[in-house]
Amino acid sequence: MKDVCLLTLQVDAQSNSSVQRRSAVVIGAGQAGLSAAYALQQQGIQPLVLEKHRVAYAWDQQRWDSFCLVTPNWQCRLPDFPYSGDQPDGFMGKASIVDYLQRFAQHVNADLREGVAVSRLQPIVNGYRLDTSEGVIEAEHVIVATGGYHIPRRHPFAERLPASVQQLDARSYRNPEALPDGPVLVVGNGQSGSQIAEDLHLAGRSVHLSVGRAPRSPRRYRGKDVVDWLDRMGYYAMPISDHTDPRSVRAKTNHYLTGRDGGREIDLRQRAIEGMHLHGRLSTISREHIGFANDLASNLDQADAVYCRIRTSIDSWIEQEGIDAPAEPPYSPCWEPSPMEDPGIDLSSQPLAAVIWCTGYRSDFSWIEAPVFDGSGLPAHDRGVTQSAGLYFIGLPWLHTWGSGRFCGVSDDARYLAQVINLRLQRRDACQERLECTAILGS
């Protein structure tokens, strides 16, 4: 392997004298990549930041028009760049998020190159070779900040739907007016699915929602936003290593709620009373029929059980700390689904205009050739540090804490990686200095 790498370097040196060499490269200029670049600069390291599209592209081009954060603005605390507006308890909409990130990029002021895609990363002697759309770059340290949601997942029978039914993924949905007239089926009720279904419902569209096992959360409870309570309780700062089963934690679906209309809960039972058609998990698809499992009641009950456990944990903490907080009545469901088996959707009598797949995403790190993956396509790491010297990840869900992939926690992860890299560079320089001294004394 070393011989191959050396040969590659020799060929590059002979055929392309413009190979760039950097001590550190960050791939991705979202909140994670920019935070990493800022932290490196604070350590005296000037990284090169490569962004396939442009800063805030995903927030701008892969979110629907009414999208907003589900965490309050005060939790937006990128390194030395906290939210500074006049609505700390509000929830930033898409345009404000894009503006916040673009201003943060100016604050970071790194060597940023937008529109540069990395197609291959492979180990070489003392670092990594990056094949990019602007040529070859060699780097001693590389931080991958491309997130973990790359390729949309769809039901394996999705291709059986009639061609007349428009199909799109959550990141391609923009607004109700952009869809053809007629009923819409949203598959998946995590954060995206529940919010998109609400967006359509509030616009007066006929909506079918396939409900899975996503948990839900209260919005406000006993006088405060639940995020405020959980932050005070230390939940967001808890390392993943403190959980009994870290792997399952990383795989959990996000709780559904919304920051829309000033922030509120999403109660699917109430939406059913208002006319939204709720179904269990999607089970079968043909050109004439869409079938659902008979598990809607249990799925709603499970979501409510999580909702009530969050309230109970807050109750316990309030009592433990002796906090004076207003009491609230216990939760009681306002609607129950019919015990009859769901007949599904007969496409011949109830033609759908569109199906929106909100069934998650899978990671695609196939362009990285380093041996750092766990067999399921996900990087194996310890707080972003892999076993391949000089290769790191940041911005992944639960990289270290709940906030690792969010505006509130990525700063800590960035500082940690920057310190690791700085220490390794110092050790390298000290080693080189000792070798030089030895050579001088030996001569």
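Above this text you will find the structure in question.
Quick caveat, the model's predicted, so the values are computed rather than measured. (Residues numbered from 1 in each chain as written. Predicted model: local features only at pLDDT ≥ 70, side-chain atom pairs only at ≥ 80, totals over all residues. Heavy atoms only, no water.)

**Q** Explain the sheet that holds strand β15 (residues 277-279) here, please?
**A** Sheet strands pair via backbone hydrogen bonds, and the direction of the pair is either parallel or antiparallel. Spatially, β10-β19-β11-β12-β15 is the arrangement adopted by the five strands of the open sheet, whose pairing is parallel. Since the sheet does not close on itself, it has two edges, and those belong to β10 (166-169) and β15, each with one partner. Direction aside, the axes of adjacent strands within the sheet are offset by 20° on average. Here four bridges tie strand β11 (residues 184-187) to strand β12 (residues 207-210), and the two strands are oriented parallel to one another. (Pairing = 2+ DSSP bridges. Helix = DSSP H or I, 4+ residues; strand = E, 2+ residues; numbered from the N terminus. Axes fitted to C-alpha atoms, helices over the stretch in contact; angles between N-to-C directions.)

**Q** For this particular structure, what's the right way to read the sheet that holds strand β17 (residues 289-292)?
**A** With respect to topology, three strands assemble into an open sheet ordered β16-β17-β18, the strand pairing being antiparallel. Each edge of the open sheet carries a strand with a single partner, namely β16 (282-285) and β18 (345-346). Examined bridge by bridge, β16 and β17 share three bridges and lie antiparallel to one another. Bridge assignment links L282 to a residue of β17, and that residue is F292.

**Q** So what exactly am I meant to see when it comes to the nonpolar core here?
**A** Nonpolar side chains in soluble globular proteins generally cluster together in the buried interior. If you look at the biggest cluster of nonpolar residues, it comprises 90 residues, and the most contacted ones within it are V186, I356, L391 and I394. Excluding residues within four positions of it along the chain, I356 makes contact with L168, D169, A170, Y173, L179, V184, L185, V186, V187, I196 and L200. L230, V249, I318 and W398 belong to the second largest nonpolar core, which has 17 residues in total. (Core = buried A, V, L, I, M, F, W, Y, C linked by side-chain atoms within 4.5 Å. Buried < 20%, exposed > 50% of the residue type's maximum accessible area, 1.4 Å probe, protein only. Contact = heavy atoms within 4.5 Å.)

**Q** Any chance you could explain the environment of G93 here in plain terms?
**A** Here G93 is to be found in the loop between β4 (81-82) and α4 (94-108). Exposure remark for G93: the relative accessible area of 24% places this residue in the partly exposed category. A sequence separation of 166 residues divides G93 from G259, and the C-alpha atoms of the two residues are 8.7 Å apart. Once you skip the residues sitting within four places of it in the chain, G93 turns out to touch F67 and C68.

**Q** Would you mind going over the pairing of strand β2 (residues 48-51) with me for this structure?
**A** Residues in a regular strand point their side chains to alternate faces of the sheet. Burial along β2 is two-sided: L48 and L50 and V49 and E51, pointing in opposite directions, are all buried. Relative to β2, strand β1 (residues 20-27) is paired through three bridges, and the arrangement is parallel. Counterpart to V26 in the pairing with β2 is V49. With respect to chirality, the unit in which β1 leads through helix α2 (residues 31-42) into the neighbouring parallel β2 is right-handed. With four bridges connecting them, β2 and strand β5 (residues 111-114) associate as parallel partners. Across the sheet, L48 pairs through a bridge with D111, a residue of β5. (Right-handed = clockwise from strand over helix to strand, strands pointing away.)

**Q** How do you make sense of helix α5 (residues 191-202) when you look at a structure like this?
**A** Residue pairs spaced three or four apart in an α-helix point in one direction, given the helix's 3.6 residues per turn. For α5, spanning 12 residues, the distance from its first C-alpha to its last is 16 Å, which sits close to the expected 16 Å at 1.5 Å a residue. The buried fraction of α5 is high, at 10 of 12 residues. Of the residues making up α5, those classed as buried are Q191, G193, S194, Q195, I196, A197, E198, D199, L200 and H201. In this structure, the buried side of α5 is in contact with β11, β12, α8 (268-273) and β19 (354-357). Backbone geometry just downstream of α5 places G204 in the positive-phi region, at approximately 90°. (Expected span 1.5 Å × (residues − 1).)

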